[in-house]
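Commentary on secondary and tertiary structure
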Amino acid sequence: MSLPVPLISLRGVTKVYGSGQNQLLALKGIDLDIQQGEFVAIMGPSGSGKSTVMNILGCLDTPSQGQYLFKGAHVESLTRDQRARLRRQYLGFVFQGFNLLARTSAQENVELPLLYRGDDISVRREAAAMALKSVGLAGWERHTPSELSGGQQQRVAIARAIVTAPAVVLADEPTGNLDTRRSHEIMGLLLALNRDHGITVLMVTHEPDMAAYAHRLVHFVDGGIAQDRVNPHPITSEQGVIPTATEN
Ligand code: ADP
């Protein structure tokens, strides 16, 4: 029996920034396979290449050399438009700073990816309301980001990431701006997306307590993968932290 084609496969991926004397090799020939349904934490010191690899995986940037296969398709040879389409169809993004539109309701923030996709207003309304409900924010649809706590804003951002039913959620330091309790609540949500919905989660974090939820830990050092290991005892539930979406 042959092994399944990985969802994501990087082969000899390099990234060079700048030119001449200012040239910097940010990724030094990365090989990385990620299967559908994995929950991977990407760790490593500042400047080790984590954001660079996430930008490539998220189809926001392209490798200088090497191959990026997504479901077996060569992403590095797609046009910019084709990459954007792939991004819209398969990928959801969660950022450290939430990146919500200010003065725009939670509902409208979550509807945005569907608007870009050209969905009708009735489809957008229903899907966004369901996504907000699934992150524990039913009843908060009309609130703007400034009326929500950091944890709630990140929930809205997660709802926005999953409203398109992506195959992969890419999360860049998703708990970096949150206190410990809210961080665990957000990790509980990511865990549930992975466990209950089969969404592949790729998360950059420098916090071992948050990486502990992942099933696999990939350590970057100096533009290369220094360690790639299975987490033998990942956290499998939210450790008794009950989401309290009603609190501000
Ligand atoms: P990390 O996310 O692990 O902190 P990055 O991927 O941001 O690391 O950066 C890797 C290396 O590439 C660093 O030395 C950084 O200074 C450099 N770098 C990142 N982005 C750029 C850019 N747009 N132009 C030039 N150098 C960059």
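Above this text you will find the structure in question.
Everything quoted here is computed from the prediction, not taken from an experiment. (Residues numbered from 1 in each chain as written. Predicted model: local features only at pLDDT ≥ 70, side-chain atom pairs only at ≥ 80, totals over all residues. Heavy atoms only, no water.)

Another aspect to go through is helix H4 (residues 121-134). Helix length check: H4 (14 residues) gives 20 Å between terminal C-alpha atoms against 20 Å at 1.5 Å per residue, within 8%. Here H4 has its buried residues at Arg124, Ala128, Ala131 and Leu132. Buried residues along H4 cover an arc of 95° about the axis, so they all sit on one side. Opposite the packed face of H4, turned more than 90 degrees from it, sit the exposed residues Ser122, Glu126, Met130 and Lys133. Contacts from the buried residues of H4 go to helix H3 (106-117) and helix H5 (150-162). In the stretch just after H4, glycine 136 is the one whose phi turns positive, near 80°. (Helix = DSSP H or I, 4+ residues; strand = E, 2+ residues; numbered from the N terminus. Expected span 1.5 Å × (residues − 1). Buried < 20%, exposed > 50% of the residue type's maximum accessible area, 1.4 Å probe, protein only. Arc of directions from axis to C-beta. Contact = heavy atoms within 4.5 Å.)

All right, on to the environment of valine 123 then. By the element assignment, valine 123 lies in helix H4. In this structure valine 123 comes out as partly exposed when scored by relative accessible area, which is 42%. Taking the C-alpha atoms as reference points, valine 123 and leucine 32, separated by 91 residues in sequence, lie 37 Å from one another.

Strand order in the open sheet formed by 6 strands is E6-E7-E8-E3-E9-E10, with mixed pairing between adjacent strands. Either end of the sheet is taken by a strand with one partner, and the two such strands are strand E6 (91-95) and strand E10 (224-230). When the angles between neighbouring strand axes are averaged without regard to direction, this sheet yields 15°. The pairing of strand E3 (residues 39-43) with strand E9 (residues 216-221) spans 4 bridges and is classified as parallel. Its bridge partner lying in E9, valine 40 is registered against arginine 216. Here helix H2 (residues 80-90) sits on the sheet and contacts E6 and strand E7 (168-172); the angle it forms with E6, its principal contact strand, is near 80°. Across the sheet, H5 is in contact with E6 and E7; its angle to E6 comes to roughly 165°. (Pairing = 2+ DSSP bridges. Axes fitted to C-alpha atoms, helices over the stretch in contact; angles between N-to-C directions.)

Our focus in this paragraph is helix H1 (residues 50-57). Since the α-helix advances by 3.6 residues per turn, residues separated by three or four positions end up pointing in the same direction. With 6 of 8 residues buried, H1 lies mostly within the body of the structure. Directly after H1, the chain includes cysteine 59, whose backbone phi takes a positive value near 60°.

Across all of its chains, the model carries 2 aromatic pairs by this definition. Taken together, a centroid distance of 5.2 Å and an interplanar angle of 50° make the contact between phenylalanine 70 and tyrosine 90 tilted. Pair noted here: phenylalanine 70 is in strand E4 (residues 65-70) and tyrosine 90 is in helix H2, with a separation of 20 residues, a long-range link. We classify phenylalanine 70 as buried; its relative accessible area is 2%. Tyrosine 90 gets classed as partly exposed once you look at its relative accessible area, which sits at 23%. Ring geometry for phenylalanine 93 against phenylalanine 95: centres 6.2 Å apart, planes inclined by 5°, an arrangement best described as stacked. Owing to a relative accessible area of 18%, phenylalanine 93 belongs among the buried residues under this scheme. (Phe/Tyr/Trp six-rings, centres within 6.5 Å; stacked < 30°, edge-to-face > 60°.)

So, on to the side chain of serine 105. Mapped onto the elements of the fold, serine 105 is located in the loop between E6 and H3. Residue classification places serine 105 among the buried residues on the basis of a relative accessible area of 12%.

Below, the discussion takes up the sheet that holds E4. An order of E2-E1-E4-E5 is seen for the 4 strands of this open sheet, with the pairing classed as antiparallel. Each edge of the sheet is formed by a strand with only one pairing partner; in this case those strands are strand E2 (24-34) and strand E5 (73-74). In this structure, E4 lies alongside E5, joined through 2 bridges in antiparallel fashion. Looking across to E5, one finds that phenylalanine 70 is bridged to alanine 73. Its contacts with the sheet put H1 on strand E1 (8-17), E2 and E4, and the angle it makes with E1 is roughly 125°.

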